[in-house]
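These are the residues of each chain, in order.
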Amino acid sequence: MNVFEMDPTMSEVITVDDSQKLFVIRMQRSFYALRALPDGQVVHVGSGPLAPDAGPLHLAGLDGYEDPNYVCEQQGRRAELLAFGDISYHDVGLKVAFLEVAGQLPKGHAPHLPVRDVRLRYQRHEIRTDAAPGLSPTHGRAIRRAAVLRPVLIVHLQDAAYDFRVRLCYRVTPEYDIIERWVELENQTAQHVAVESLAFASIHFPPGRYELTRSAGAWAREFVPVRQNIEQGVTEISHRGLNTGHASNPFYMVHEHGSAGEDAGAVYFGALAFSGNWSLRFEMLPTDALRMHGGYEATDFSLTLGPGAVHRTPALVHGVADNGIGGASRRLHAFARDYVLPGYQDDQFRPVLFNSWEATYFDITLEGQINLARAAAQMGVELFCLDDGWFGSRRHDRAGLGDWAVSQDLFPNGLTPLIEAVKELGMRFGLWVEPEMINPDSDLYRAHPDWVLHFPGRPRTEARNQLVLDYGRPEVVEHIFAALDGLLSRYDITFFKWDMNRYASEPGSVVGKAIWHAHVAGLYSIMDRLRQAHPRLDIQSCAGGGGRVDLGILGRCDQVWTSDNTDPFDRAYIQDGFSLAYPPRVMEAWVTHDHNHQTGRVVPLDLRFDLAMRGALGIGSNIDKLSADERAAYRRKIGFYKTIRPVVQNGDLYRLARVQDGGVSVWQTVLPDQSQSVYSIAVIQQLQGHHLPAYRLRALAPAAIYAVRDENGARLGRYSGAQLMALGMPGDQRNGGLGCAVRSRTLLLEKVADQEPRYPSMGAET
Ligand code: GLA
């Protein structure tokens, strides 16, 4: 761990009032406060928006906010990490069992064991700066703001009876109102401790009535936004898996009932930086107090700490926005760009990718791929990715998974002829891999039938004809690392599409229940080591579409596959929801065939491109079979994408309309200096006779003049920022009459002149 002394300029971010044992974290537009009570319990004081020009935050009369009379004193206590112990029957973030008890037990007391009671009491605190994040990627590529040292508050707690230590860690990113929280457990007792339930943090919301915005879905329907009331009792969103899951995603936005919209209202948001079994459990008490525990999903979780052992959890990244759901999204996006993604640089962009899957599926030939590569290069594609089917006996999905050797039948001279052709055409080469999986019909399985998750002597389930490798075994992790490292050493491969195509079942492992986090640790370690050894390698996370998207994997991956569903009619929903938590830059989106392979719909080329150009553009259609006109259109649109991509990939996102709210999705991205903006409208469904509302643009310089142009370079006019922000883009309010039921366009706005502002600027975004 790279620990430095506190930078004096940060002294105002975390302040400590020793007389009250009060810790106040002061961020750009919000605060977060906690304190140690006289009995040693560390409780939440409050958090929320705060005007940037609010003076020093003096907090007094804090006992007046406590509610000690709820049944008995402890029930309403807002402990910073609620633990199973003291008097508590509500949900907790930590439950441990002390498995042995030192010394003589009174006669007849053995059945009382193990001791399931932990009482966390304040010991001391420290403030540090820590260049190694709670997200702790060790990929060897700097994050964008690597030079910025952020302050970390560490509060040391200890069980009241045993030397079992818990450290609550708060790393602060004040400019985005974000705190990364994680927990470190240290067992200094002489006995084993079983951790049965463990959150990375407990969060307390101000008293009130709340709604939750999150995403829900399924394979091919990932990320669809859901807004629901939070009622008394427990509301849980979770996934019990070795990946993040399609059905829900580990982020939340909590807002007071009815009070928050896209642009306004206080929104408490958070996201887990973990890619395995996760859970976000909200509990609304009978008093209407709302708390949340975010961390490992507990059903089959257990972590045993021997004497001296330490466990450090991943992070819960959380904060509060004072400017609505959009403001929460922009904070999470900026945080991911600056502090999570590996190797982000402002002048380097996600390349335009071609992927062979929907073009050829398992029907791979060297000649066929070279033909595709030629067509791709002519269109302006920059990265050519060969998908599933290139290795071992993998001519279909029933065999070969696990055998990461190039198929001699398909490529008698290895991949070199294809890679050389791709490189001569001016593109980089990428390859599909699925390193956590194995077909029983594979050489690897025949050699090591015990390398899969299973319970001995019991049936096991195959999904897509495959089993899950046991990453609890160091030799399995080593074998997979060596296989992938061998490919990268032998060939000029600079991109892996890293897939994961089934959920876990029968999770028997050599490490027992620890497999839930051991698998993720093994996965991360392979990615990190590969990236260190091969610094030019980029990785795209994929799990049967968008099944592994979270801030943990984004610490290792440059982009993610959003969904196997490439139909823009569905994608508009998927991408709107994806963007709630994750930035457009990482959102890989392909243009595929006019007859969509997932839904059978016929989709206009404009709509396919306009939706795909909102993220990292990819091409997935059978491009060597297109007409000359179609190829020319692809080439023109890809060229236009390259012009707008600095704004799409680096800019701040404003969702002017979500498709769920009226059939129209409108996205606008703006560079922070307001010099350029991209406006993208997709009218998915509009009734005849229905006129659209004005989609007012955001965050432009009001006094500046912007020239607006389309993909053909046609100049559509010059408008002031003030006009576009007051009236919207001319031409988009028209009636949904004949021929315009489905339409879309993407426009680039470039600042061409500044006018003198009439009044002095009001300053920051409101
Ligand atoms: C998954 C991926 C697809 C493709 C196939 C290959 O379904 O999501 O994009 O790579 O696997 O088998």
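In this text, all values refer to a predicted model and were calculated from it rather than measured experimentally.

Calculation rules
- Residues numbered from 1 in each chain as written.
- Predicted model: local features only at pLDDT ≥ 70, side-chain atom pairs only at ≥ 80, totals over all residues.
- Heavy atoms only, no water.
- Near = heavy atom within 4 Å.
- Polar contact = N/O pair within 3.5 Å; in protein donor to acceptor, adjacent residues only side chain to side chain.
- Areas by Shrake-Rupley, 256 points an atom, 1.4 Å probe, with all protein chains shown as cover.
- Nonpolar A, V, L, I, M, F, W, Y, C, P; charged D, E, K, R; others polar.
- Domains from an automatic or database assignment.
- Contact = heavy atoms within 4.5 Å.
- Buried area = accessible area lost by both parts, 1.4 Å probe.
- Helix = DSSP H or I, 4+ residues; strand = E, 2+ residues; numbered from the N terminus.
- Core = buried A, V, L, I, M, F, W, Y, C linked by side-chain atoms within 4.5 Å.
- Buried < 20%, exposed > 50% of the residue type's maximum accessible area, 1.4 Å probe, protein only.
- Salt bridge = Lys/Arg side-chain N within 4 Å of Asp/Glu carboxyl O.

Draft legend 1. Molecular detail of the site of the ligand. Around the ligand sit 13 residues in total, of which D387, D388, R464, K497 and D564 are the nearest. D388 has a polar side-chain atom sitting 2.6 Å from an oxygen atom of the ligand. Within the backbone of G545, one N or O atom sits 3.2 Å away from an oxygen atom of the ligand. Calculation on the ligand without its partners gives an accessible area of 300 Å², and the protein chains cover 95% of this total. Looking at the shell around the ligand residue by residue, the classes come out as four nonpolar, three polar and six charged.

Draft legend 2. Inspection of the domain arrangement of the protein at higher detail. What the domain assignment lists for the protein is domain 1 (85-329), domain 2 (353-651) and domain 3 (659-753). For domain 2 and domain 3, the distance between their C-alpha centres works out to 34 Å. The interface of domain 2 with domain 3 comprises 26 residues on the first partner and 24 residues on the second. The largest contributions to the domain 2 side of the interface with domain 3 come from R614, F640 and V647, which together make up 31% of the buried area. In this structure, the connection of domain 2 to domain 3 is made through 12 residue pairs in polar contact (both at pLDDT 80 or more). Of all the elements in the fold, those that place two or more residues in the side of domain 2 that touches domain 3 are α8 (568-581), α9 (605-612) and α10 (628-650).

Draft legend 3. Broad picture of the environment of F164. Within the secondary structure layout, F164 lies in strand β9 (residues 164-173). Note: C-alpha distance between F164 and A60 (104 residues apart in sequence) is 32 Å. If near-sequence neighbours (up to four positions away) are discounted, F164 is found in contact with V96, F98, V118, L157, Q158, D159, L185, E186, N187, T189, V193 and L305.

Draft legend 4. Seen up close, the nonpolar core. Membership of the largest hydrophobic core comes to 146 residues, with the highest contact counts inside it found for L94 and W390. Non-local contacts of L94, meaning those with residues more than four positions away in its chain, are made with L81, L82, A83, F84, V118, L120, V166, L185, V195, S197 and L198. F335, A336, Y339 and W667 belong to the second-largest nonpolar core, a separate cluster that totals 37 residues.

Draft legend 5. View of the pattern of salt bridges. For the coordinates displayed, the defined rule picks out 56 salt bridges. Notably, a salt bridge pairs D63 with R35, separated by 2.8 Å at the nearest N-O pair. Of the two residues, D63 sits in the loop between β5 (42-49) and β6 (94-98) while R35 sits in strand β4 (residues 30-36), which places them 28 residues apart along the sequence. Of the residues examined, D63 reaches a relative accessible area of 58% and is grouped as exposed. Exposure remark for R35: the relative accessible area of 8% places this residue in the buried category. For D538, the salt bridge identified is with R350, shortest N-O distance 3.1 Å.

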